[in-house]
Amino acid sequence: MDTYNRLPLKLTRGKGCWVWDDRGNRYLDAVAGIATCNIGHSDNALRRSLTNQLNKLQHVSNLYKIPEQEALAKWLVDHSCADKIFFCNSGAEANESAIKLARKYGHQRKGIDRPIILTAKASFHGRTLAAISATGQPRYHRGFEPTVEGFEFFAYNNWQNFESLLQKIEKDGPRIAAVLIEPLQGEGGVNPGQKDFFIRLRNQCFKHEILLILDEVQTGMGRCGCWWGYEKLGIEPDVFTIAKGLGGGHAIGALLVQNHANLFEPGDHASTFGGNPFACRAGLTVAEEIEKRHLLPQVSARGQQLREGLLALIGRFPKLLSEARGWGLIQGLVLQENTNITSQNISKDALNEKLLVVPAGPKVVRMVPPLIINRHEIRKLIKRLEATIDKQI
Ligand SMILES: *Cc1c(COP(=O)(O)O)cnc(C)c1O
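Chemist: Which residues make up the pattern of salt bridges, and what are the values?
Modeler: Within the structure shown, the criterion is met by 13 salt bridges. For D43, the salt bridge identified is with R293, shortest N-O distance 2.6 Å. Highlighted residues: D43 in the loop between α1 (32–35) and α2 (44–56) and R293 in the loop between α10 (277–292) and α11 (295–316), separated in sequence by 250 residues. For R293, a relative accessible area of 31% translates into the label partly exposed. A salt bridge links R293 to E289; the nearest nitrogen and oxygen atoms lie 3.0 Å apart. With a relative accessible area of 8%, E289 lands in the buried category. One connected set of salt bridges, linked through shared partners, spans D43, E289, K292 and R293.

In structure tokens:
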């Protein structure tokens, strides 16, 4: 169906941070399947482990114990604040699970009839009906009303706005079950969360017994130079969701909870494919490879290099570019509001320079390359982006 505005490019092969089209042209990939191919394309370790897994067992039901799922769950528990995991297949599904969990928490723990979840304006939580309803951008709702009820929106990083919304809703008693929020807004324009906002938010959630749920679908699994975006904010969520980078390009998502939020019982939630041996093997291999190759400090260093390159571009094109922002290897180059150029133009024109970048809203060019990108490749990325912008004038 006509659900995508596709670029005129047919990719057929990849290796590391590079992809080739059907005519043999080579592109530097700063999209990485939108922040998913964390250890690059056609990685040897991933190929080997998935080939082994295909030769052994691909899929069984969650009617049975699945050792690969248990191993990945253990890895995640050992490397985060979470104690328990539910596996699914995508970011939207992980958020669906979190929304169901929040509602159950509201009913069961707080005795709320119609629990409310607070989410941020300019957020993005996925495309299922509950996930678009949680998404604080009207353009995702339009044409699909009625949206799922029980969501209220506050301005991201805006404490006053959050507080007044909370007071307004709770003036006749507790009705809020959870806050669902991204540590850094990805699709909404690569907008990092502010530490003081999130620390206050964390305290307020403790005080009012509101679950703090972080959507780490884009920020998780090392993208920010640490395993989880929340580490950048000096807080720990009660619940968080992950997907994109977890499978290194294979479909997997997860809901992660601390013990006190471990509320699902048999029959509450399920997924046929969720946590299958193949997907979990992918997740486990990606996690182990990021550790083995000590990629996290690399992500920070390469992110810093990219950021410096972007700042130099802003210095060179101050009429077109206004800001560079992000954490680690999720960086956004913000275009000046008062120009005609859009992030869509830049993404399209970058193809001529053999570079892949992706818009995050109309005015932000997003770069989310594989976490294995090296110094030399970052330099090329900046050069190619510079050539793209130079041709806009
Ligand atoms: C991509 C994304 C989603 C949706 O993930 P899908 O796998 O496309 O369903 C949800 N939340 C955030 C923050 C995302 O970046």
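Now that the structure is up, let's keep going.
Chemist: Help me get a handle on the sheet that holds strand β4 (residues 84–88), residues and values and all.
Modeler: Judged by pairing direction, the sheet is mixed, and its seven strands sit side by side in the order β4-β12-β11-β10-β7-β5-β6 without closing on themselves. The sheet is open, and its two borders are formed by β4 and β6 (151–154), each paired with just one other strand. The average angle at which neighbouring strand axes cross in this sheet is 20 degrees, direction not considered. Relative to β6, strand β5 (residues 116–120) runs parallel, the two being bridged by four bridges. Bridging across to β6, A120 finds its partner in F154. Contacting β4, β11 (239–242) and β12 (253–257), helix α3 (residues 67–78) runs over the sheet at an angle of about 130 degrees to β4. Strand contacts of helix α8 (residues 195–208): β6, β7 (176–181) and β10 (211–215), with the helix running at about 160 degrees to β7, the strand carrying the most contacts.

Calculation notes
Residue positions are given per chain, counted from 1 along the sequence in the order it is written. Since the coordinates come from a predicted model, pLDDT governs what is reported: local features require at least 70, and pairs of side-chain atoms require 80 or more to be given and counted, while whole-chain, interface and lining totals use all residues. Note: side-chain values were computed over all heavy atoms of the structure, leaving out hydrogens and water. One speaks of a salt bridge when a side-chain nitrogen belonging to Lys or Arg is within 4 Å of a carboxyl oxygen belonging to Asp or Glu. Think of it this way: any DSSP run of H or I at least four residues long counts as a helix, any run of E at least two long counts as a strand, and we number them from the N terminus. Each residue's exposure class comes from its accessible area (1.4 Å probe, protein chains only) as a fraction of the maximum for that residue type: buried when under 20%, exposed when over 50%, partly exposed otherwise. The rule for pairing is simple: two strands pair if DSSP sees at least two bridges between them. Here the axes come from fitting lines to C-alpha atoms, over the contacting stretch only for helices, and the angles between their N-to-C directions go from 0 to 180 degrees. Residues count as neighbours in contact if any of their non-hydrogen atoms are within 4.5 Å of one another.

Everything listed is a geometric property; what it means functionally is a separate question.
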